[in-house]
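Here is what each chain is made of, one letter per residue.
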Amino acid sequence: MNADMIAAWAVENGFHAMDSGNYRRHDNAGVITIEIKRMSFLLIDERQGLRPRLISRLFKDISLTSGSDRLQGLLLDRNPTH
């Protein structure tokens, strides 16, 4: 995967571009932010009343063939119906 693929996935999944490399989505549970870095991305899951959950992955660790599925998997426990 690469930064462009992560950005495209974010937009397709309801995230709004905040600025270059930063995407955010609000829902009933709280806020999810994706920060795309040079060689990695950081997902910040901020649920109301809980500590933020931080997930960081290197692009090289996410294969092209299963990248979208793996990204979606990071959100499954947050919103199982999505």
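### A word on the nonpolar core
Step number 1: Ile-6, Phe-15, Tyr-23, Ile-34, Ile-36, Phe-41 and Leu-71 are the most contacted members of the largest nonpolar core, which has 16 residues in total.
Step number 2: If you list the elements that add at least two residues to this core, you get α1 (3–12), β3 (30–36) and β4 (40–47).
Step number 3: For this core, the element with the most residues is α1, which contributes four residues.

### Details of the sheet that holds β3
Step number 1: Strand order in this open sheet of five strands is β1-β2-β3-β4-β5, and the pairing throughout is antiparallel. Where the open sheet ends on each side, the last strands, each with one partner, are β1 (16–19) and β5 (53–58). This sheet shows a mean twist of 20° between the axes of neighbouring strands, independent of strand direction.
Step number 2: Of the strand pairs in this sheet, β3 and β4 are connected by seven bridges, and their pairing is antiparallel. Within β4, the position partnered with Ile-32 by the bridge is Asp-45.
Step number 3: Taken strand by strand, α1 contacts β2 (22–27), β3 and β4, and its axis lies near 160° from that of β3.

### So, the side chain of Asn-13
Step number 1: On the secondary structure map, Asn-13 appears in the loop between α1 and β1.
Step number 2: With relative accessibility at 13%, the residue Asn-13 sits in the buried group.
Step number 3: From its side chain, Asn-13 meets the backbone oxygen of Trp-9 in a polar contact 2.8 Å long.

### Topic: the pattern of salt bridges
Step number 1: The tally for this structure, following the rule as stated, stands at three salt bridges.
Step number 2: Across the salt bridge formed by Arg-53 and Asp-45, the nearest N and O atoms sit 3.3 Å from each other.
Step number 3: Take Arg-53: its relative accessible area is 26%, and that puts it in the partly exposed class.
Step number 4: A single network of salt bridges, built from pairs that share partners, joins Asp-45, Arg-47 and Arg-53.

Reading guide: rules and limits
- Residues numbered from 1 in each chain as written.
- Predicted model: local features only at pLDDT ≥ 70, side-chain atom pairs only at ≥ 80, totals over all residues.
- Heavy atoms only, no water.
- Core = buried A, V, L, I, M, F, W, Y, C linked by side-chain atoms within 4.5 Å.
- Buried < 20%, exposed > 50% of the residue type's maximum accessible area, 1.4 Å probe, protein only.
- Helix = DSSP H or I, 4+ residues; strand = E, 2+ residues; numbered from the N terminus.
- Pairing = 2+ DSSP bridges.
- Axes fitted to C-alpha atoms, helices over the stretch in contact; angles between N-to-C directions.
- Contact = heavy atoms within 4.5 Å.
- Polar contact = N/O pair within 3.5 Å; in protein donor to acceptor, adjacent residues only side chain to side chain.
- Salt bridge = Lys/Arg side-chain N within 4 Å of Asp/Glu carboxyl O.

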